[in-house]
Amino acid sequence: MKTCTRCKESKPKTSFRLNKKSNDGLSYQCNECYSKNNYFKKKSNNPPSVSSLASRIRNRITTALKSNELQKRSGTELIVGIPFNVLRMWLHKDYDFVGDEHLDHIIPISWAINIDEVEALNHYSNLRYDDPIRNVSRNNRFVLIESIECVLENHPDINLIHRILDRNKDKVVPY
Ligand SMILES: [Zn+2]
């Protein structure tokens, strides 16, 4: 038996689809929740739940840290700098809802070269919901000067941010 993370019901393992990424090789959600979820995902105008946002950031941080062969050293919420429910409001200041899948770093996480920078770039001031079209075309290569202002205004470690930006000067563009 396995407990579904969504409906919290205990169900036989056959009620869970395969998921290579999870510890036991099975999806976190039961099949019923999974199909419900994926059906509504396309239609719903509801913002993503705090926990899905949190796990998304956690995944992003973990992935970023993995690629630098570093260990995650502090809680995601600590890195983000504000509780996830506040983060949600922060992200929605620009968009009513564009979708969880478009959570983006203003200064790309790929610009980080060490654990301090990975953490610094996961601060809430560097997070936003991005316009999917702009996101794709920009392809994480360029950062608009205009969008950095918000990071510089709110980030606790401006010096570190400036170091990251200085290293990538050629990719910081006015428009
Ligand atoms: Zn379920």
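Residues numbered from 1 in each chain as written. Predicted model: local features only at pLDDT ≥ 70, side-chain atom pairs only at ≥ 80, totals over all residues.

1. As for the overall build of the chain
Consideration 1: Along its length, the chain carries 8 helices and 6 strands.
Consideration 2: Listing the helices and strands of the chain from first to last along the sequence gives β-β-α-α-α-α-β-α-β-α-β-α-α-β.
Consideration 3: The burial tally for the chain puts 19% of its 175 residues in the buried class.
Consideration 4: Put simply, of all contacts in the chain between residues at least 6 apart along the chain, 62% involve residues at least 24 apart. (Helix = DSSP H or I, 4+ residues; strand = E, 2+ residues; numbered from the N terminus. Buried ≥ 20, exposed ≤ 12 C-beta atoms within 10 Å, placed from the backbone. Contact = placed C-beta atoms within 7 Å.)

2. So, the environment of leucine 152
Consideration 1: Structurally, the position occupied by leucine 152 is in helix H7 (residues 145–154).
Consideration 2: Along the chain, leucine 152 and asparagine 126 lie 26 residues apart, while their C-alpha atoms are 9.0 Å from each other.
Consideration 3: With near-sequence residues (within four places) excluded, leucine 152 lies in contact with Ile158 and Ile161.

3. Topic: unusual backbone geometry
Consideration 1: A positive phi is found at lysine 8, a non-glycine position, where the angle reads about 65°.
Consideration 2: Topologically, lysine 8 is positioned in the loop between strand S1 (2–3) and strand S2 (10–11).
Consideration 3: Lysine 8 gets classed as exposed once you count the C-beta atoms within 10 Å, which come to 9.

4. Describing the nonpolar core
Generally speaking, a soluble globular protein has its nonpolar side chains buried in company with each other.
Consideration 1: Counting residues in each nonpolar core, the largest one holds 9 residues, listed as Ile107, Ala112, Val118, Ala120, Leu121, Val143, Val151, Ile161 and Ile164.
Consideration 2: Where this core is concerned, the elements lending two or more residues are helix H5 (115–121) and helix H8 (158–167).
Consideration 3: Per-element tally for this core: the top contributor is H5, with 3 residues.
Consideration 4: Apart from residues lying up to four places away in sequence, alanine 120 is in contact with Asp157, Leu160 and Ile161.
Consideration 5: Core analysis: the second largest hydrophobic core is formed by 7 residues, Ile57, Val80, Leu87 and Leu91 among them. (Core = buried A, V, L, I, M, F, W, Y, C linked by C-beta atoms within 7 Å.)

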